[in-house]
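Structure assessment
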Amino acid sequence: MNEYRTHTCGELRAEHIGQSVKLAGWIHRKRNLGNLCFIDLRDHYGITQCVFDSSSDLFDKIKDIRVESVIGIIGEVVARESVNKNMPTGDIEIKAEEVIVYSAADVLPVQVVGECNEPEELRLKYRFLDLRREVLHSNILLRCKVISEMRRLMNEQGFNEYQTPILTASSPEGARDFLVPSRLNPGKFYALPQSPQQFKQLLMVSGFDRYFQIAPCFRDEDPRADRSPGEFYQLDMEMSFATQEDVMKVIEHTMGTIFNEFAFGRSVSQAPFMHIPFRESMLKYGSDKPDLRNPLIIADATPFFNNSGFGVYDAKVANGEQIRAIKAPNAGNKPRSFFDKFDAYAKEQGMGGMAYVAFADGGAKGVAKFFSEEKLAELKQTFDVKDGDAVFFMGGAKKVINKFAGVVRNMIGEALDLFDKKSIKLCWIVDFPFYEENEETGAVEFSHNPFSMPQGGLEALNTKNPLDILAYQFDLVCNGVELASGAVRNHSPEVMYRAFEIAGYEHSVVDNKFGGLVTAFRYGAPPHAGCAPGIDRTVMLILDEPIIRNVILFPLNGKAQDLMMQAPNTVTEEQIKELHIDLKL
RNA sequence: GGGGGUGUAGUUCAGUUGGUUAGAACGCUGCCCUGUCACGGCAGAGGUCGCGAGUUCGAGUCUCGUCGCUCCCGCCA
């Protein structure tokens, strides 16, 4: 190939025996038998065993060099005396004739070979060593392939990739901004974009028709296991003269193809993905991001507890509370302790307790004794329960019961091992409410994104109860993870002013905060719609990787610090002065 | 901002009811070893038990405080 190597460490096979080759890479492992030394040489492509004999003067040269040093080896490809069937290159080895040490390694602070259970702090500080590990290295490579596929699929569907600004204006909606002080404009700040939302809409107004971008997004919020602090990437897309269905089709094709290509033996939901209206999702799954690998569905049992005989729940209903039922298939024979565990959980969560009826061997346990024969038969019919099944009942205030039932649904699914772990289940959550009521003040607020179009347009805004208006707003959900958010945008200044007015904002507020966008809409704006699937999360789902940092090259830690680059850091007084900033710590 | 978990050698961990000199594995250093592939064998170095106070004749172990990390809630398209 060149002066450093003729082959990579992954490509030599039996057919190369007899050839003189040159390899370069890291010393993965070293086995010194005294008068014979084996070195496993590793590079991006694989591992090749090299052998050194004490009869050669090379032996002294490599005897003292540590693992992870970078060396080059010239030698002959020979057949191994003992073949290693576990290695792709296991038929051959390199009989070393010359060694070049390019870079000797110090004693390592973290091990590159073997299990990876060092503290994450150390791994992040020495990320370049961590990234040499097989798992992390291949995670990152898979991420590259996913992004490459995204670009190919979007291009294929007529989308072009455009770069939008990184230094932009702070936007009042949504997350906390990262601010950048302006040297040329004393006292003023740029913000890093939380997403290219306004720019991609402006691109539509500029007539570009179909936009996408592998877009960096910045948000100054606290992290989670599936939420990296600081920055993340999304496949941002927008299209003109398009409906909700048009956007869904593009995303279904793009994400569906990617999940199918990287399914690794799992089954994948095929397009079109199931549509679940928001309110139905909250009732049936107790969440707006349901994990459909769990087959359980929550039922509204409120009507059932109308003089049912079970006084505690009848009273709850009379009190305005709601009851939910979750069937536990084939759990009728479970011991008392199984059911008590859930009851204890409900008590711990301040939900009173959890009643159950378990049907087994023709009998019924739990709170069955409160029900008449007829009521018990009605129960079986209403909640589709057979002999051998059980059903849980839980009650609570309207605001909390759905979410609680959603957690219990997952707990029961886990306890009975009902999750279809060998599947990737995708669905759309649609018909999000446009507004919601602030629980404390009672005021009407935007529930999601104020840029989306209310269903029914201006007429709906003028005639309907705001809390009944739905938005052309939709989420793509995969295995219980919110993967993407999309919307038909509001491209009409008139509708936008009215929408903000209902949420209590004057026209001037709209003009001030979204002036660029609203002005643009006055000069000919096409109807448009778009969506933005998260890339980090997509890769996590493909790899079934619970920690987002394991799909990111150089992630920040929980305090949004880069332990390797030591960012954030103090800067010189001069720099501060130049930015017209006065620090008060 | 709130709650849970956690902190012992470079790393992963063990450490009994509070009791003599705090152990093991990996890694590191030295010696031996010509077919290993997690090579093996022998020897060795390496510790303010996160930090501070308290109880006690005696604290890695009990109590209080504090700090770091991590997970969750709040927050977050």
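The present account deals with the structure reproduced in this document. All figures in this text were calculated on a predicted structure; none of them were measured in a lab. (Residues numbered from 1 in each chain as written. Chains lettered and ligands numbered in written order. Predicted model: local features only at pLDDT ≥ 70, side-chain atom pairs only at ≥ 80, totals over all residues. Heavy atoms only, no water.)

With that settled, the discussion passes to the protein's contact with RNA strand B. Around RNA strand B lies a shell of 44 residues, among which N32, N35, R219, R227 and H448 are the nearest. Of all atoms in RNA strand B that approach within 4 Å of the protein, 51% are sugar or phosphate atoms. Residue R224 places a side-chain N or O atom 2.6 Å away from a base nitrogen belonging to RNA strand B. When residues of the surface near RNA strand B are traced back to their parent elements, those giving at least two are β1 (20–32), β2 (36–43), β3 (46–53), α2 (120–125) and β23 (481–488). Ranked by the residues each element gives to the surface near RNA strand B, the list is headed by β1, at three residues. Looking at the surface near RNA strand B, its residues break down into nine nonpolar, 17 polar and 18 charged. (Near = heavy atom within 4 Å. Polar contact = N/O pair within 3.5 Å; in protein donor to acceptor, adjacent residues only side chain to side chain. Helix = DSSP H or I, 4+ residues; strand = E, 2+ residues; numbered from the N terminus. Nonpolar A, V, L, I, M, F, W, Y, C, P; charged D, E, K, R; others polar.)

Moving on, we come to the pattern of salt bridges. Under the counting rule described, the total for this entry stands at 29 salt bridges. The salt bridge involving R152 is made with E156; its shortest N-O contact spans 2.7 Å. Separated by four residues within a single helix, R152 and E156 lie in helix α4 (residues 134–156), roughly one turn from each other. For the salt bridge of D384 with K327, the shortest nitrogen-to-oxygen distance reads 3.4 Å. With D384 in the loop between α10 (373–382) and β17 (390–396) and K327 in strand β14 (residues 322–328), this residue pair connects regions lying 57 residues apart in the sequence. When salt bridges that share partners are traced, they join E118, R123, R127, D130 and R133 into one network. (Salt bridge = Lys/Arg side-chain N within 4 Å of Asp/Glu carboxyl O.)

A few words now on the packing of aromatic side chains. Taken as a whole and assessed by the stated rule, the structure comprises 33 aromatic pairs. Between the aromatic rings of F310 and Y313, the centroid separation amounts to 5.0 Å while the plane-to-plane angle is 40 degrees, which identifies the pairing as tilted. The class of F310 is buried, set by a relative accessible area of 7%. Using a relative accessible area of 4% as the deciding quantity, one classes Y313 as buried. Ring centres of F338 and F342 lie 5.4 Å apart, and the angle between their planes is 65 degrees; on these two criteria the pair is classed as edge-to-face. Taken as a pair, F338 and F342 lie in helix α9 (residues 336–348) at a separation of four residues, close to a single helical turn. Each member of the pair, F338 as well as F342, is classed as buried. Put simply, the rings of F304, F305, F310, Y313, F370, F371, F383 and F393 touch in pairs and so form one group of aromatic residues. The ring of F304 has K375 lying over it, and the distance from NZ or CZ to the ring centre is 4.0 Å. (Phe/Tyr/Trp six-rings, centres within 6.5 Å; stacked < 30°, edge-to-face > 60°. Buried < 20%, exposed > 50% of the residue type's maximum accessible area, 1.4 Å probe, protein only. Lys NZ or Arg CZ within 6 Å of the ring centre and 35° of its normal.)

Moving on, we get to the nonpolar core. Ranked by internal contacts, the top residues of the largest apolar core, which has 67 residues, are M237, F259, L426, Y435 and L476. Contact partners of Y435, with chain neighbours within four places excluded, come to V444, E445, F446, S447, L461, P466, L467, I469, R498, A499, I502 and A503. By size, the runner-up hydrophobic cluster in this structure holds 23 residues, among which are L296, M394, I401 and L416. (Core = buried A, V, L, I, M, F, W, Y, C linked by side-chain atoms within 4.5 Å. Contact = heavy atoms within 4.5 Å.)

Turning our eyes to something else, we now look at unusual backbone geometry. A cis amide bond, omega -5 degrees, links A271 with the succeeding residue P272. Tracing the sequence through the fold places P272 in the loop between β11 (267–268) and β12 (274–277). Cis peptide bonds are those with omega within 30 degrees of zero, and the linkage from A567 to P568 qualifies with -5 degrees. If you trace the backbone, P568 turns up in the loop between α16 (535–543) and α17 (573–578). Phi angles above zero are rare outside glycine, and F241 is one such case at about 50 degrees. Examined against the element boundaries, F241 turns out to sit in the loop between β10 (230–240) and α6 (244–261).

On the surface, E436, E437, E439, E440 and E445 cluster together into a patch of negative charge. Of the residues examined, E439 reaches a relative accessible area of 61% and is grouped as exposed. (Patch = residues over 30% accessible without salt bridge, like charges linked within 9 Å, V, L, I, M, F, W, Y side chains within 5 Å. Areas by Shrake-Rupley, 256 points an atom, 1.4 Å probe, with all protein chains shown as cover. Lys, Arg positive; Asp, Glu negative; His and termini not counted. Charge placed at Lys NZ, Arg CZ, Asp CG, Glu CD.)

So, about α9. For α9, with 13 residues, the first-to-last C-alpha span of 18 Å sits near the 18 Å given by 1.5 Å per residue. Within the sequence span of α9, burial applies to F338, F339, F342, D343, Y345 and A346. For α9, the buried positions fall inside an angular range of 155 degrees around the axis, keeping them on one side. Turned more than 90 degrees away from the buried face of α9, the exposed residues are R336, K347 and E348. The inward-facing, buried residues of α9 contact β15 (355–360), β17 and α11 (398–415). (Expected span 1.5 Å × (residues − 1). Arc of directions from axis to C-beta.)

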